[in-house]
Amino acid sequence: MNRMSFARLKESAIKAFFFTNGILAVLVLIGIFCLLLFTSVPAFREINIKEFLIDKNWNPTSPVKEEYGILSMIVSTFMVTLGALIIAVPLGIGVAAYLSDVAHWKVREIAKPIVEVLAGIPSVVIGFLGIVLFGPIIAGIFGVSHGLNAVNGSILLAIMALPTIISISEDSLNAVPRAYAEASLALGASRWQTLIRVRIPAALSGILASMMLGMGRAIGETMTVLMVTGNAPAFPKGFLSSIRTMTANIAIELGEVPYYTTHYYALFAIGLVLFIITFLVNLASDIILHKYQEREQ
Amino acid sequence: MNFKKLLLVVLVSFGLVFAGSCSIAKQKMIQVKGSDTLVNLVQILAEAYMEKNPKTPIAVLGGGSGTGIAALINGTCDIADHSRPWKEKEINLAKENDVEPRRFIIAVDGVSVIVNESNSVGDLSMDQVGAIYRGQIKNWKEVGGPDKPISLYGRQSNSGTYVFFQEHVLGKKNYSPDMKRMNGNAQIVEGVIQDKASIGYVGVGYVYDTKSGEVRKGLKVLKIANDANSPAYSPLDKAAVDAGKYPVARPLFQSTNGKPNGAILDFIKFETGPEGQNIVEREGFFTIGSSHITENKKNLK
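Residues numbered from 1 in each chain as written. Chains lettered and ligands numbered in written order. Predicted model: local features only at pLDDT ≥ 70, side-chain atom pairs only at ≥ 80, totals over all residues. Heavy atoms only, no water.

Q: Any chance you could explain the pairing of strand β3 (residues 79–82) of chain B here in plain terms?
A: The side chains of a regular strand alternate, first on one face of the sheet and then on the other. Residue and element names in this part refer to chain B. Both faces of β3 are covered, namely the face carrying I79 and D81 and the face carrying A80 and H82. As defined by bridge partners, strand β1 (residues 30–34) adjoins β3 across three bridges and the pair is classed as parallel. The residue bridging G34 from the neighbouring strand is D81, located in β3. Of the pairings in the sheet, the one linking β3 to strand β12 (residues 249–257) comprises four bridges and is antiparallel in character. Among the inter-strand pairings, I79 is bridged to a residue of β12, identified as T256. (Buried < 20%, exposed > 50% of the residue type's maximum accessible area, 1.4 Å probe, protein only. Helix = DSSP H or I, 4+ residues; strand = E, 2+ residues; numbered from the N terminus. Pairing = 2+ DSSP bridges.)

Encoded structure:
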């Protein structure tokens, strides 16, 4: 009897332990959201929220007139992210398909770990590459005077998103049951047709998830874009103009801003906008994943 | 027996570590923080000082003038390096925190305006430089150069050079939003060397090659005239800067909380004395003049 109740006690203790662990992650998330929300609200005592989101000019330290408009930064953030996805998605899926379907197993054994090592390169190092290597090349190719622009940022973010996209896409291609491919080949389809029309559609949920994760990385990345995009706060005129992303702006200004001023609160408001955007991206990817999984079943 | 020995070893080593950390804590480390324009110079001054006084460790950090002043107000550094005077806001904040700043001038900096070597423009007036950085002059041909859109390089808003340039050259107007905001002086120099249509501004110490002592290859230092009718002077022309003829020169400061004493006082005296000023000159800055020396003396009282 005594033994029984001890076992029961142990069981409920273990249950409580895992429950606390699970709830902790949620609490941290809610905590961060609340912190951002409460620290950004005071900003809107002095800034009109509509102006904050629609105005193109950001100049809180101006000696003439202080301006708090983040539209240019939102557009810039989306520009580099879009550019990165345009480069990284076709390339990433191509590499994943090569590794899973074409490459000799020896090649795969060597290539896959190398791709994963790419994910571990610090962002400062990649930013440095952008300054000394890609900058001059971009300036030469596009005939502009310098390479500190959105194209450079996009290329570097693509490099950083590639390992995620390749690794997860390859895993999901490998997870497609062999029977699918065998049936397709038995029906007379070529290997190319099998890959494009059977295997990739079957692995689509994983591939989409990898794209979304890559996108999340690109939106939130700070150091790399800070180093290579020139950080000009003007509204971007195109991919060849210098831009300033939301993350770079927070990183540049938070170190110097006097605490508890409108400028300080406004930086947290930018953080809140960033948080909401990444939250929406994750939500969208979740919904897409569920839709595809339901269709598959 | 074995266990006891082990215990003894552990205890003794703990004791050693404890004693060691105590003796380190007793030695007071002087923390210097602030202006990126000053960080290299002060680092070299600190090394020279520590060679003579090995018992006084000095740590020098950059981060920008605003960062250094904020650190002095928060009490996280002993000396703040800054390349601009204190702002009204900062003085008020210091008062609220019972910090009484004392300011010392340790060197004079000519902010040099630089362009790519291939640019045919050799001198500009203050008005022209201001208009270029405000975004009113957009093409080099408007100031007698090649037909190329001007590519602007400047610092980020936490930099003292950014504020100094805005006040003295732009007439307290906004920078063009197209100006690229670079992380530091060295990045501006690299950008200007690579970019044929560029213009940038950096502390005068950064235009030299550290090995040869000459102006960096690919770089051209512009001569600046006070207005369209007066002659233009280069910041590399020491006599002109000493005589106050170069229009974009500025004193570089260090601030302490209250009257400095002990090792901090000794270090500041070393910097402003003949040995320190020799280093200042060797590093490409200008030595302090007699008016600066009087002001320093006043702040030591």
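Q: Looking at this model, I keep getting lost on the domain arrangement of chain A. Mind explaining?
A: Interface size is commonly expressed as the accessible area that is lost once the parts come together. All names here are of chain A. For chain A, the domain assignment lists domain 1 (3–40) and domain 2 (51–296). Inter-centroid distance (C-alpha atoms) of domain 1 to domain 2 is 33 Å. If you look at the interface, domain 1 gives seven residues, while domain 2 gives seven residues. When the buried surface of domain 1 facing domain 2 is broken down by residue, L36, T39 and S40 rank first, second and third, together holding 66% of it. The tally of links from domain 1 across to domain 2 stands at zero salt bridges. Linking domain 1 to domain 2 there are zero residue pairs in polar contact (both at pLDDT 80 or more). Of the residues assigned to the side of domain 1 that touches domain 2, the class counts are five nonpolar, two polar and no charged. (Domains from an automatic or database assignment. Contact = heavy atoms within 4.5 Å. Buried area = accessible area lost by both parts, 1.4 Å probe. Salt bridge = Lys/Arg side-chain N within 4 Å of Asp/Glu carboxyl O. Polar contact = N/O pair within 3.5 Å; in protein donor to acceptor, adjacent residues only side chain to side chain. Nonpolar A, V, L, I, M, F, W, Y, C, P; charged D, E, K, R; others polar.)

Q: I would appreciate a short explanation of the nonpolar core in the present structure.
A: Buried together is how nonpolar side chains tend to be arranged in soluble globular proteins. Counting residues in hydrophobic clusters, the biggest one holds 55 residues, and the most contacted among them are F52(A), W58(A), I70(A), L157(A), M246(A), I270(A) and V273(A). Contributing elements (two or more residues each) for this core: α3 (71–102), α5 (123–142), α6 (150–174), α9 (204–220), α10 (223–228), α11 (246–254) and α12 (262–296) of chain A. No other element matches α12(A), which puts 13 residues into this core. Formed by 34 residues, the second largest nonpolar core is a distinct cluster that contains V115(B), I150(B), V163(B) and F165(B). (Core = buried A, V, L, I, M, F, W, Y, C linked by side-chain atoms within 4.5 Å.)

Q: What should I look at first to understand unusual backbone geometry in this one?
A: Trans is the common state for peptide bonds, and a negative phi is the common state for residues other than glycine. In this model, N231(A) sits at a positive phi of 55 degrees, which is unusual for a non-glycine residue. Inspection of the secondary structure assignment puts N231(A) in the loop between α10 and α11. The phi angle at K172(B) is positive, at roughly 55 degrees, despite the residue not being glycine. In this fold, K172(B) is placed in the loop between α6 (160–168) and β7 (180–182).

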